Each structure stands twice: as structure tokens, then as C-alpha cells.
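Examination of the molecular architecture
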Amino acid sequence: MLSSTTPHEPLLTLLQLCDSALPTGAFAHTFGMETYLQRGTVHDEATFQEWLAQFVDHQLVYADGLAVRLTAEACAAPGTGTGTGTGTGTGTGTGTGEDAQSGIDFLIELDGLMYAQALPSQVRQAGLTMGKRLLDIGRLSLPGPCLESYAALVDAGTCHGHQAIAFGLIGTDHGVPATSLVSAYLFSTVTALMQNAVRGIPIGQNAGQRVLGVMRSHVTRAEARIAQLTLDDLGAVSPGLEIAQMQHETQRARMFMS
């Protein structure tokens with residue numbers, strides 16, 4: 001965490017990270033929802049809400065949501081990131097060089113697992129494209145030692161650069177608790193998908209807000225589930241969602257990139 005963090009810094013950081021105007025490219029992705037639109041499975045407010053709940057429960061929880069939590073915990077551990085730690089590593093506070101290397105090794109492992117578990121190519125590419133944009137935005141306007149360590153690994157080709165990992169590192173650098181980061185990531189993803197449903201189905205703006213109202217409690221329950229998961233649970237995604245995401249790659253007409 002940055003030593004100069006102010007009392008309002010965590011909240012302001014979350015507001016910036018979760019702003020729908022953040023230029024990561026989320027507006028271009030439905031993560032397979034467009035396949036369900038083409039089938040006619042998703043066609044109104046109620047069917048979109050049902051799909052969204054399934055997406056959160058059976059994909060987002062076991063992939064990006066869990067990755068955010070694991071990243072935040074690794075970054076918050078003593079000795080991770082860059083700074084003035086003891087020993088030969090680049091730790092913060094009283095951590096040792098060995099602590100720092102352990103944290104870096106974990107980020108490398110998590111980055112590789114996030115890349116490997118995203119079987120549909122469009123979903124895998126979306127995570128990387130939005131991840132690299134978030135890394136650039138973070139370095140520009142929300143810099144911090146954990147983010148910089150990860151960005152250097154991406155620059156060196158050691159890591160791919162995933163959005164969920166960058167999100168967790170930026171938040172932790174600026175004092176946001178892991179639980180708040182997970183909830184914020186889940187809800188910002190839900191919000192982006194709602195905005196795409198308003199355009200794609202289409203449903204009205206009021207209908208979209210009703211869906212968000214229902215999803216608030218759903219996200220809270222999802223965060224509680226994520227808190228109980230381990231690294232072994234990463235990637236336990238519903239095959240049905242993945243198949244729909246793969247089918248989107250060859251869909252004849254598309255409004256969105258995934």
C-alpha cells in the first residue's frame with residue numbers, strides 16, 4: 001500500500017476503477033450473451049437477469065472474482081510490491097526479499113492460470129486487451145508499487161497482463177480492502193453487461209436499473225462465496241457458458257467482440 005494513502009483514497013480509487021467511462025473496452029464485450037440473444041434465449045429484462053445471474057455464479061465467481069481476491073491478498077502480504085523492504089528483494093515495510101519473490105512468483109502463477117482457464121479465445125483475448133489497457137491507465141493515473149511490479153513482468157513477457165489482476169493490484173496499492181475490491185469488480189462487470197443489454201436486446205434504461213437493483217444482493221452473496229474458495233477452484237466454469245462463448249466466434253452477425 002502507498003504510504004501517502006488518505007482516508008478517502010480507497011473510495012476515490014474504486015469510483016475511478018468502476019466508472020463506466022473508464023476506457024478499457026468493456027462496452028465491446030458481452031462474454032457470450034450475444035450468442036444467447038441470437039438463439040432467442042435472452043430476449044427481455046427477465047431472461048437477461050436470469051442469464052446475468054448464471055454468468056456471475058458459474059463463471060465470474062470462479063475466474064475473475066476469485067483472481068481479484070487472490071491478487072489483493074498476495075499484494076497486501078508483507079514484503080510484496082516494490083519499496084524499501086529488507087533483504088535483496090523489492091518488498092515493502094518489514095518484509096524480506098524472500099517474501100517479495102514469493103509474491104512475484106504467485107502473481108506469475110496466477111497470471112498463467114488465468115490465461116489457461118479462459119478456454120474461449122474471445123474471452124481470453126478480452127481479458128488481456130482490457131488488462132493491458134487497465135495497466136496503462138493505472139500507471140498513468142493510479143500508480144503504485146504492486147501494479148508497477150506486475151506491469152514490469154508484462155513488459156518483459158513473463159506475464160500476459162490480465163484485467164482482474166491489474167484491478168486487484170491497483171486497489172490494494174491504494175488501500176482498498178480485498179472484500180470491497182471483489183464486490184466492486186463483480187458489480188462493475190454486471191453494470192457493463194447491463195449497458196450492453198440495453199443496446200443489444202434492447203431493453204430500456206429503467207429495466208436495466210431494475211436488474212442492477214436485484215443484482216446488488218446477488219453480488220454480495222457471490223463475494224461471500226469467493227471468500228471461501230482457493231486457488232484450486234480457479235477456472236471451474238460452467239461448460240455451457242464456455243460453449244456459447246466459443247460459438248460466438250463464428251456467429252454470422254455480431255454487434256460485440258465477445
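Up top is the structure these notes are about.
This is a predicted model, so every value here is computed, not measured. Per chain, residues are indexed from 1 in the order of the written sequence. Under the rules for a predicted model, residues below a pLDDT of 70 receive no local features and side-chain atom pairs below 80 are neither given nor counted, while totals for whole chains, interfaces and linings still include all residues. Side-chain figures throughout are based on the complete set of non-hydrogen atoms in the structure, without hydrogens or water.

A word on helix α5 (residues 121–141)
To keep things clear, this is the line we draw: Put simply, DSSP marks the helices as runs of H or I at least four residues long and the strands as runs of E at least two long, and each gets a number from the N terminus on. What a helix is expected to span follows from its residue count: subtract one and scale by 1.5 Å. Burial classes: relative accessible area under 20% of the type maximum marks a residue as buried, over 50% as exposed, and values in between as partly exposed (1.4 Å probe, protein chains only).
Over its 21 residues, α5 runs 30 Å from end to end, which matches the ideal 30 Å to within 8%, given 1.5 Å per residue. Regarding α5, the residues found buried are Gln122, Val123, Ala126, Gly127, Leu128, Met130, Gly131, Leu134, Leu135, Ile137 and Gly138.

A word on the packing of aromatic side chains
Filter applied, for reference: Between the rings of Phe, Tyr and Trp (Trp by its six-membered ring), a pair exists once the centres lie within 6.5 Å; its type follows the angle of the planes, with under 30 degrees stacked, over 60 edge-to-face, and the other angles tilted. Two thresholds decide whether a charge sits over a ring: the Lys NZ or Arg CZ must be within 6 Å of the ring centre and within 35 degrees of the ring normal.
Counted under the stated rule, the structure contains 4 aromatic pairs. On the basis of an interplanar angle of 25° and a centroid distance of 6.4 Å, the ring pair of Phe48 and Trp51 is categorised as stacked. Here Phe48 pairs with Trp51, and both are found in helix α3 (residues 45–76), just 3 residues apart, close to one helical turn. An identical accessibility class is assigned to Phe48 and Trp51; each is buried. The interplanar angle of 80° and the centroid separation of 5.0 Å between the aromatic rings of Phe167 and Tyr185 together place this pair among those described as edge-to-face. Residue Phe167 is found in helix α7 (residues 163–173), and its partner Tyr185 is found in helix α8 (residues 178–200); the two are separated by 18 residues along the sequence. Across the pair, Tyr185 and Phe167 agree in class, each one buried. Aromatic ring contacts, followed pair by pair, group Phe31, Phe48, Trp51 and Phe55 into a single cluster. For Arg39, the ring lying beneath its charged end belongs to Tyr36, and the centroid distance is 4.9 Å. The ring of Tyr115 has Arg124 lying over it, and the distance from NZ or CZ to the ring centre is 5.5 Å.

Details of the state of the cysteines
Our working rule: Working definition: a disulfide is two cysteine sulfur atoms within 2.5 Å of each other.
Within the structure shown, the criterion is met by 1 disulfide. The side chain of Cys75 participates in a disulfide bridge whose partner is Cys146; the two sulfur atoms lie 2.1 Å from each other. Disulfide Cys75-Cys146: the torsion about the S-S bond is 100°, which places it as right-handed. With a gap of 71 residues between them, Cys75 in helix α3 and Cys146 in helix α6 (residues 145–155) connect regions that are remote in the sequence. With no disulfide of its own, Cys18 has Cys75 as its nearest cysteine by sulfur position, at a separation of 17 Å. Cysteine Cys159 remains unbridged, with the sulfur of Cys146 as its closest cysteine sulfur at 13 Å.

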